[in-house]
Amino acid sequence: MKIGICNDHAGVDYKNGIIGYLEGKGYETVNFGTDTKDSMDYTDVAHPLAKAVEKGEVDLGIAFCGTGNGMAMTLNKHNGIRAGLAWSEEIGVLVKQHNNANVLVMPARFIDFETVKKIADAWLGTAFEGGRHQKRIDKIPL
Ligand code: RB5
């Protein structure tokens, strides 16, 4: 499983941390984010990650910015992306179970790294429920 990781300047530390954590578990990662804390525009890294997920170049994505909102807004402009914002383990489960999020977005400035790992594990370890949720996600693209 190949996971694209994306971040702006607010998410550099968590990007580096989650790459180490996931690679330690056997996932392959691709770094789409900035590697410095110099201010930059999250759009410039979110669009390339979205395109890579849509083309199947990576299986899933994980994105960080300060609140998570800029990343989620940008990623969700792409019809093939369901980017879900999660800030707790329970939401990490639900965003896969109910929404089949193919990109997990987390708010780097509002959660600690232990929570980041728990959310990522929850999202990766949960299956999409399908059924009524499939009908709903089928209605998302414009
Ligand atoms: C950067 O200061 C901040 O605006 C960005 O990381 C993010 O929170 C935007 O939604």
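The preceding data block contains the structure.
This section reports on the structure supplied with the text. (Residues numbered from 1 in each chain as written. Predicted model: local features only at pLDDT ≥ 70, side-chain atom pairs only at ≥ 80, totals over all residues. Heavy atoms only, no water.)

1. Quick look at the site of the ligand
Move 1: In the neighbourhood of the ligand, the contacting residues comprise Asp8, His9, Ala10, Tyr42, Cys65, Gly66, Thr67, Asn69, Gly70 and Arg109.
Move 2: Contacts to the ligand include glycine 70, whose backbone N or O atom sits 2.9 Å from an oxygen atom.
Move 3: Separating an oxygen atom of the ligand from a side-chain N or O atom of arginine 109 is a distance of 3.1 Å.
Move 4: For the ligand, the protein covers 70% of the area, taking 290 Å² as the surface of the free molecule.
Move 5: In terms of residue class, the shell around the ligand is made up of three nonpolar, five polar and two charged. (Near = heavy atom within 4 Å. Polar contact = N/O pair within 3.5 Å; in protein donor to acceptor, adjacent residues only side chain to side chain. Areas by Shrake-Rupley, 256 points an atom, 1.4 Å probe, with all protein chains shown as cover. Nonpolar A, V, L, I, M, F, W, Y, C, P; charged D, E, K, R; others polar.)

2. Section: the side chain of asparagine 102
Move 1: In this structure, asparagine 102 sits in the loop between helix H4 (89-97) and strand S5 (103-107).
Move 2: Looking at asparagine 102, its side chain comes within polar contact range of the main-chain oxygen of glycine 80, at 2.8 Å. (Helix = DSSP H or I, 4+ residues; strand = E, 2+ residues; numbered from the N terminus.)

3. With respect to the layout of surface pockets
Move 1: Put simply, the largest pocket is a space of about 210 Å³.
Move 2: Forming the walls of the largest pocket are 14 residues, and the residues nearest its centre are Asn76, His78, Ile81, Arg82 and Ile140.
Move 3: Counted by class, the lining of the largest pocket contains seven nonpolar, five polar and two charged residues. (1 Å grid on protein atoms, 1.4 Å probe; cavity = no way out; pocket = protein on both sides within 12 Å on 5 of 7 lines; lining within 4 Å. Points joined across faces, edges and corners; volume = space filled by probe spheres on them.)

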